[in-house]
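Coordinate analysis (summary)
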Amino acid sequence: GGWSRLFAQVVQGAMSRLIRGIQKVATKVAKTGLLPGGFQRTVRCGLIGVKKGMTTAWDENGVNHPLTLIHIPDNQVIQVKSSQNEGYTGLQVGASNQLAKRMPKALLLHFQKHNVVPKKKVHEFRVTEDALLESGTCLTASHLVAGQYIDITGTSIGKGFQGAMKRWGFAGQGATHGASLSHRSLGSTGNRKTPGRTFKNKKMHGHMGNKRVTVLGLLVYAVDPLNNLIAVRGAVPGSKEGYLYIRDAIRMHHWKHNQTLKLPIPTAPETSEPPPAELKVTPTKFLKNPFEGEV
């Protein structure tokens with residue numbers, strides 16, 4: 001009993017240290033965009049969007065794509081974080097114009113200091129020095145290119161207190177044969193004398209949803225510069241009218257794909273002319289044709 005308990009504690013400690021090490025490396029790569037060998041990739045500023053709902057669209061190959069529509073509401077750079085002052089380079093971005101009377105005085109003075117219209121939502125994005133922007137720069141849907149891959153972060157829909165079957169996909173117990181009042185039970189949680197306790201992070205019933213979730217590698221199917229809308233293939237976390245944080249995809253194969261599109265660095269240039277009314281759609285060569293080769 002004692003040796004097995006000691007062995008379990010040693011294994012658990014080693015696994016937790018390994019997981020913490022992996023998380024540190026993943027965080028460093030995600031924030032700084034370091035390539036293997038120590039080369040620094042360009043990390044552009046992200047966008048703040050609002051989820052508007054879902055629709056579908058057919059491509060030239062006859063494939064129906066599920067799309068999420070995201071609006072980019074009045075994105076503007078508020079503050080520039082520099083390595084000289086803050087010790088790192090980043091951009092503070094605001095979205096959705098807000099009335100001054102609805103703003104706390106401290107935030108209102110912050111916006112006035114940087115000569116920016118008060119914003120409802122504020123978020124900071126880490127960038128590299130070659131992607132820094134001036135305070136007051138407007139960011140639009142043209143910051144993204146149709147056909148590129150992005151990562152989206154949002155708050156998932158809250159489900160309240162849920163059982164283990166719904167929360168984790170457990171199979172549950174038997175429907176008959178003596179399974180009295182335990183059909184949807186999760187089963188044993190602590191065993192007997194060894195280990196005689198429930199391990200931390202055991203998958204059990206509890207609060208589900210309402211968490212910060214990041215979905216990696218979503219395709220920007222279309223960009224509408226006139227209405228400041230983007231159509232993303234697939235689902236994104238959160239409900240309608242929920243705020244989303246959008247950035248260029250961090251995975252290596254997605255980043256290599258984005259490099260072929262020549263994304264605007266640091267962002268799309270501002271013009272006095274109104275944006276074009278045409279919809280920019282992902283080129284067909286980037287979409288798989290499931291019917292190719294069929295007779």
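We now turn to the structure provided with this report. All values derive from a computational prediction rather than experimental measurement. The numbers attached to residues start from 1 for each chain and follow its sequence in the written order. Local features are withheld for residues below a pLDDT of 70 in this predicted model, meaning they are given only at 70 or higher, and side-chain atom pairs are given and counted only at 80 or more; totals for whole chains, interfaces and linings count all residues. Water and hydrogen atoms play no part in the side-chain values, which are based on all heavy atoms of the structure.

In terms of helices and strands, the protein chain carries four helices and 13 strands. Computed over C-alpha atoms, the radius of gyration of the protein chain comes to 24 Å, more than 25% over the 19 Å expected from 2.2 N^0.38 for 295 residues, which places it beyond the range of a compact globule. Its C-alpha atoms give the protein chain principal-axis dimensions of about 75 × 65 × 50 Å. Whether a residue is buried, partly exposed or exposed follows from its accessible area with a 1.4 Å probe, protein chains only, as a fraction of its type maximum: under 20%, in between, or over 50%, in that order. Within the protein chain, buried positions represent 38% of all 295 residues. Note on areas: these come from Shrake-Rupley sampling with a 1.4 Å probe, and a residue is covered only by the protein chains present in the view. As displayed, the protein chain has an accessible area near 18,100 Å², and 55% of this comes from carbon and sulfur atoms. Charge assignment in this entry is limited to Lys and Arg as positive and Asp and Glu as negative, and neither His nor the chain termini are counted. All charge positions are set by atom: Lys at NZ, Arg at CZ, Asp at CG, Glu at CD. Of the side-chain charges in the protein chain, 40 are positive and 17 negative, and the distance between the mean point of each set is 20 Å. In this description a helix means any DSSP run of H or I spanning at least four residues, a strand means any run of E spanning at least two, and both kinds are numbered starting from the N terminus. To get the radius of gyration, use the C-alpha atoms; to get the globule rule, take the number of residues to the power 0.38 and multiply by 2.2 Å.

A separate point is a positive patch on the surface. Two distance rules govern patches: like charges are joined within 9 Å, and nonpolar side chains (Val, Leu, Ile, Met, Phe, Trp, Tyr) within 5 Å, applied only to residues with over 30% relative accessible area and no salt bridge. When a carboxyl oxygen of Asp or Glu lies within 4 Å of a side-chain nitrogen of Lys or Arg, that pair is called a salt bridge. Together, Arg 5, Lys 193, Arg 197 and Lys 200 line one region of the surface with positive charge. By the element assignment, Arg 197 lies in the loop between α3 (164-168) and β9 (206-208).

Below, the discussion takes up the sheet that holds strand β6 (residues 138-139). Think of it this way: DSSP has to see at least two bridges between two strands before they count as a pair. Pairing within the open sheet is antiparallel, and its four strands lie in the order β5-β4-β3-β6. What marks the edges here is a single partner per strand, and that holds for β5 (119-126) and β6. Where strand β4 (residues 90-97) meets β5, seven bridges bridge the pair, whose relative direction is antiparallel. Counted as the bridge partner of Asn 97 is Lys 119 from β5. Its contacts with the sheet put helix α2 (residues 105-113) on β3 (75-81), β4 and β5, and the angle it makes with β3 is roughly 85°. By definition, residues are in contact when any of their heavy atoms lie within 4.5 Å. Orientation is described by axes fitted as lines to C-alpha atoms, over the contacting stretch for helices, and by angles from 0 to 180 degrees between their N-to-C directions.

As a further point, take helix α4 (residues 252-259). Along α4, the positions that sit buried rather than exposed are His 254, Trp 255, His 257 and Asn 258. What you see down the axis of α4 is that its buried residues fit within an arc of 160°, all on one side. Those residues of α4 that are exposed and aimed more than 90 degrees away from the buried face are His 253 and Lys 256. Structurally, α4 contributes buried residues whose contacts are with β7 (149-155) and β10 (212-224). In this description, one arc is meant: the one made by directions from the helix axis to the C-beta atoms.

Moving on, we get to the pairing of β4. Counting buried positions along β4 gives seven out of eight residues, so the element sits mostly inside the fold. Pairing between β3 and β4: five bridges, direction antiparallel. Within β4, the position partnered with Val 77 by the bridge is Val 93.

Together, Phe 7, Val 11, Met 15, Leu 18, Ile 19 and Ile 22 make up a nonpolar patch on the protein surface, roughly 590 Å² of accessible area in all. Within the secondary structure, Ile 22 sits in helix α1 (residues 2-32).

Here the focus is unusual backbone geometry. Of note, the amide linkage connecting Thr 194 to Pro 195 takes the cis form, showing an omega dihedral of 0°. The topology assignment puts Pro 195 in the loop between α3 and β9. Omega for the bond connecting Ile 265 with Pro 266 falls within 30 degrees of zero, at 0°, which places this linkage in the cis form. Phi at Asn 115 takes a positive value of approximately 55°, unusual for a residue other than glycine. Position of Asn 115 among the secondary structure elements: in the loop between α2 and β5. By relative accessible area, which is 70% here, Asn 115 ends up exposed.

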